[in-house]
Amino acid sequence: MTAVTPELLTVSDVMTRLKVGRSKVYDLIRTHRLASIKIDGARRIPADAVHDFIQHQLEEAA
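Residues numbered from 1 in each chain as written. Predicted model: local features only at pLDDT ≥ 70, side-chain atom pairs only at ≥ 80, totals over all residues. Heavy atoms only, no water.

**Q** I would appreciate a short explanation of helix α3 (residues 47-61) in the present structure.
**A** Structurally, the α-helix is built with 3.6 residues per turn, so residues lying three or four positions apart point the same way. The end-to-end C-alpha distance of α3 is 21 Å, a good match for the 21 Å that 15 residues give at a rise of 1.5 Å each. Every buried residue of α3 is accounted for by A47, A49, V50 and F53. The buried side chains of α3 occupy one side of the element, clustering within an arc of 165° when seen end-on. Exposed side chains of α3 directed beyond 90 degrees from the buried face belong to D48, L58 and E59. (Helix = DSSP H or I, 4+ residues; strand = E, 2+ residues; numbered from the N terminus. Expected span 1.5 Å × (residues − 1). Buried < 20%, exposed > 50% of the residue type's maximum accessible area, 1.4 Å probe, protein only. Arc of directions from axis to C-beta.)

So this is what it looks like as structure tokens:
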């Protein structure tokens, strides 16, 4: 059985998916509403974290 490596997105990728600006993405990361990791100084966001963020926003809106 092989482990599945999560897809890691750049801040620009997340900006495109959420249709928000760079500062908003970093604000979501800073306030721990969007999970991220740093790899040698480069910020990466798991695609699952973006999906979870969207789901949470939808649940709050309902």
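**Q** I keep staring at the nonpolar core and nothing clicks. Help me out?
**A** Note that soluble globular proteins tend to have their nonpolar side chains buried in a common cluster. One finds V14, L18, V25, L34, I45 and V50 to be the most contacted residues of the largest nonpolar core, which totals 13 residues. Mapped by element, the contributors of at least two residues to this core are α1 (11-18), α2 (22-30) and α3. The element contributing the most residues to this core is α3, with four residues. In this structure L18 touches L28, V50, F53 and I54, once residues within four positions along its chain are discounted. (Core = buried A, V, L, I, M, F, W, Y, C linked by side-chain atoms within 4.5 Å. Contact = heavy atoms within 4.5 Å.)

**Q** Sorry if this is basic, but what is going on with a nonpolar patch on the surface here?
**A** A cluster of nonpolar side chains, namely L8, I37 and I39, defines an oily patch on the protein surface of about 230 Å² accessible area. Take I39: it is sitting in strand β2 (residues 37-39). Residue classification places I39 among the partly exposed positions, given a relative accessible area of 40%. (Patch = residues over 30% accessible without salt bridge, like charges linked within 9 Å, V, L, I, M, F, W, Y side chains within 5 Å. Areas by Shrake-Rupley, 256 points an atom, 1.4 Å probe, with all protein chains shown as cover. Salt bridge = Lys/Arg side-chain N within 4 Å of Asp/Glu carboxyl O.)

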